[in-house]
Amino acid sequence: WALFLGILFSWIFYTGAKRATDDVPSGMLNFVEMVVEFVDSAVRESFHGKSKFVAPLALTIFGWIFIMNTVKLLPIDLMPRIFSLMGVEYMKIVPTTDINATLGMSFGVFILIIYYSIKIKGAGGFVGELTLQPFGKWLMPFNFLLEGVGLLAKPISLALRLFGNMYSGELIFILIALLPFYLQWVLSVPWAIFHIFVITLQAFIFMMLTIVYLSMAHEHH
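What counts as what
- Residue indices follow the written sequence of each chain, beginning from 1 at its first position.
- The model is predicted, so local features are restricted to residues of pLDDT at least 70 and side-chain atom pairs to those at 80 or more, both for listing and for counting; the totals for chains, interfaces and linings are taken over all residues.
- Side-chain measures were taken over the full set of non-hydrogen atoms in the model, leaving aside hydrogen atoms and water.
- Starting at the N terminus, helices and strands are each numbered in turn, a helix being any DSSP run of H or I of at least four residues and a strand any DSSP run of E of at least two.
- Under the scheme applied here, a residue whose accessible area is under 20% of the maximum for its type counts as buried, over 50% as exposed, and between as partly exposed, the area being computed with a 1.4 Å probe on protein chains only.
- The contact criterion used is simple: two residues touch if any of their non-hydrogen atoms lie within 4.5 Å.
- Note on areas: Shrake-Rupley, 1.4 Å probe, and residue coverage restricted to the protein chains presented here.
- Just so you know, the count uses Lys and Arg for positive and Asp and Glu for negative, and it drops His and the chain ends.
- Charge positions come from single atoms, namely NZ of Lys, CZ of Arg, CG of Asp or CD of Glu.
- What makes a nonpolar core is a set of buried Ala, Val, Leu, Ile, Met, Phe, Trp, Tyr and Cys residues whose side-chain atoms join them at distances within 4.5 Å.
- Think of a 1 Å grid over the protein atoms and nothing else: a 1.4 Å probe that fits but is trapped marks a cavity, an open set flanked by protein within 12 Å on at least five of seven lines marks a pocket, and residues with an atom within 4 Å of a point count as lining.
- Grid points are joined across faces, edges and corners, and a volume is the space filled by probe spheres set on the points.
- Residues are grouped as follows: nonpolar covers Ala, Val, Leu, Ile, Met, Phe, Trp, Tyr, Cys and Pro; charged covers Asp, Glu, Lys and Arg; every other residue, Gly included, is treated as polar.
- A pair of Phe, Tyr and Trp rings is counted when the ring centres sit within 6.5 Å of each other, with Trp represented by its six-membered ring. The angle between the planes then sorts it: under 30 degrees is stacked, over 60 is edge-to-face, the rest tilted.
- Here, a salt bridge means any side-chain nitrogen of Lys or Arg that lies within 4 Å of a carboxyl oxygen of Asp or Glu.

**Q** Give me the lowdown on the overall build of the protein, citing residues and values where you can.
**A** Counting secondary structure elements, the protein contains seven helices and zero strands. Listing the helices and strands of the protein from first to last along the sequence gives α-α-α-α-α-α-α. With the C-alpha coordinates of the protein rotated into their principal frame, the extents come out at 65 × 50 × 30 Å. Sorting the 221 residues of the protein into buried and exposed places 38% on the buried side. In the protein, of all internal contacts separated by at least 6 residues, the share reaching a separation of at least 24 is 72%. If you sum the accessible surface of the protein, you get close to 13,100 Å²; carbon and sulfur atoms cover 72% of it. If you average the places of the 13 positive and of the 13 negative side-chain charges in the protein, the two averages end up 7 Å apart.

What follows is the structure, given as structure tokens:
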């Protein structure tokens, strides 16, 4: 499902890019341009290095996570019921409710943080940041422990924040689905409306933290 939704995201934005004109945008083109301008503005405000890679990465992260989160708004038992009729007994369609998916994305960002830290500052500069602050060279082991924990906390916090919000939201949808039919609509519709804000916010937070972390990797202390 993550791969399928990634292809869908790519197709939507590829189609929008092909239709780009100087005229006033409408429909899908208007949506694509709005998202691109929003992400571009966020990158310009938060990223202080020079890289042509960060803005496309931020757009991919925001769009992909947003569309993966959005499928949660489908009725919780709709797709499993359809696939069960075809003989597939287990079907989970929201990738971001699986810790493997969120950890995969966050460790991808983590690898980029290490790569750009070494590329911009050099191996010595990167090691120096981990060992020489905040207490100077006489407490290098303690500095390394503090900075190492802080560095490893970045991908873990990225993954757990997204996973925790999406997984807890899905659990509430499941609990609502177990209630009598007349209560399901009363509770599921307000929760779904509220969750539209949550799924957008979580995609935005993951994107913004990625931009900030990569900006830090491009800066000398």
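**Q** So what about the side chain of Lys154? Which residues, and what values?
**A** Secondary-structure assignment places Lys154 in helix α6 (residues 140-177). For Lys154, the residues in contact, after removing those within four places along its chain, are Ile113, Tyr213 and Met216.

**Q** Give me the lowdown on the nonpolar core, citing residues and values where you can.
**A** One finds Val39, Ile65, Phe206, Met207, Ile211 and Leu214 to be the most contacted residues of the largest nonpolar core, which totals 46 residues. Those elements that provide at least two residues to this core are α1 (2-18), α2 (27-46), α3 (54-70), α4 (78-85), α5 (99-131), α6 and α7 (181-217). Per-element tally for this core: the top contributor is α7, with 10 residues. Apart from the residues within four sequence positions on either side, Leu214 is in contact with Phe47, Val54, Leu57, Leu112, Ile113 and Tyr116.

**Q** Go over empty space enclosed by the protein with me, naming the residues and quoting the values.
**A** Applying the stated criterion to the full structure yields one cavity of 30 Å³ or more. Space inside the largest cavity adds up to approximately 30 Å³. Lining the largest cavity, in full, are Leu158, Arg161, Leu162, Gln202, Ile205 and Phe206. When the residues that make up the lining of the largest cavity are grouped by side-chain class, the tally is four nonpolar, one polar and one charged.

**Q** Outline the packing of aromatic side chains, supporting the account with residue identities and numerical values.
**A** Evaluation of the coordinates by the stated rule reveals 13 aromatic pairs. Seen from their ring centres, Trp1 and Phe83 are 6.3 Å apart, and the 75 degrees between their planes marks the pair as edge-to-face. Within this pair, whereas Trp1 is found in the segment before α1, its partner Phe83 is found in helix α4, the two being separated by 82 residues in sequence. Trp1 sits in the partly exposed class, given a relative accessible area of 32%. Under the relative-accessibility criterion, Phe83 is labelled buried at 19%. Taken together, the ring pairs connect Phe38, Phe62, Phe66 and Phe204 into an aromatic cluster.

**Q** So what's going on with the pattern of salt bridges? Residues and values would help.
**A** Summed over the entire model, instances satisfying the criterion amount to three salt bridges. The salt bridge involving Arg44 is made with Asp40; its shortest N-O contact spans 2.7 Å. Of the two residues, Arg44 and Asp40 both sit in helix α2, four residues apart, roughly one turn of that helix. Where Glu170 meets Lys92, a salt bridge forms, and the shortest distance between an N and an O atom there is 3.1 Å. Of this pair, Glu170 sits in helix α6 while Lys92 sits in the loop between α4 and α5, and the two are 78 residues apart along the sequence.

**Q** Which residues make up the layout of surface pockets, and what are the values?
**A** There is about 370 Å³ of room inside the largest pocket. Every residue lining the largest pocket is counted, 15 residues in all, and those nearest its centre are Pro75, Ile76, Asp77, Gln184 and Ser188. Those elements giving two or more residues to the lining of the largest pocket turn out to be α6 and α7. Of all the elements, α7 adds the most residues to the lining of the largest pocket, at six residues. Looking at the lining of the largest pocket residue by residue, the classes come out as 11 nonpolar, two polar and two charged.

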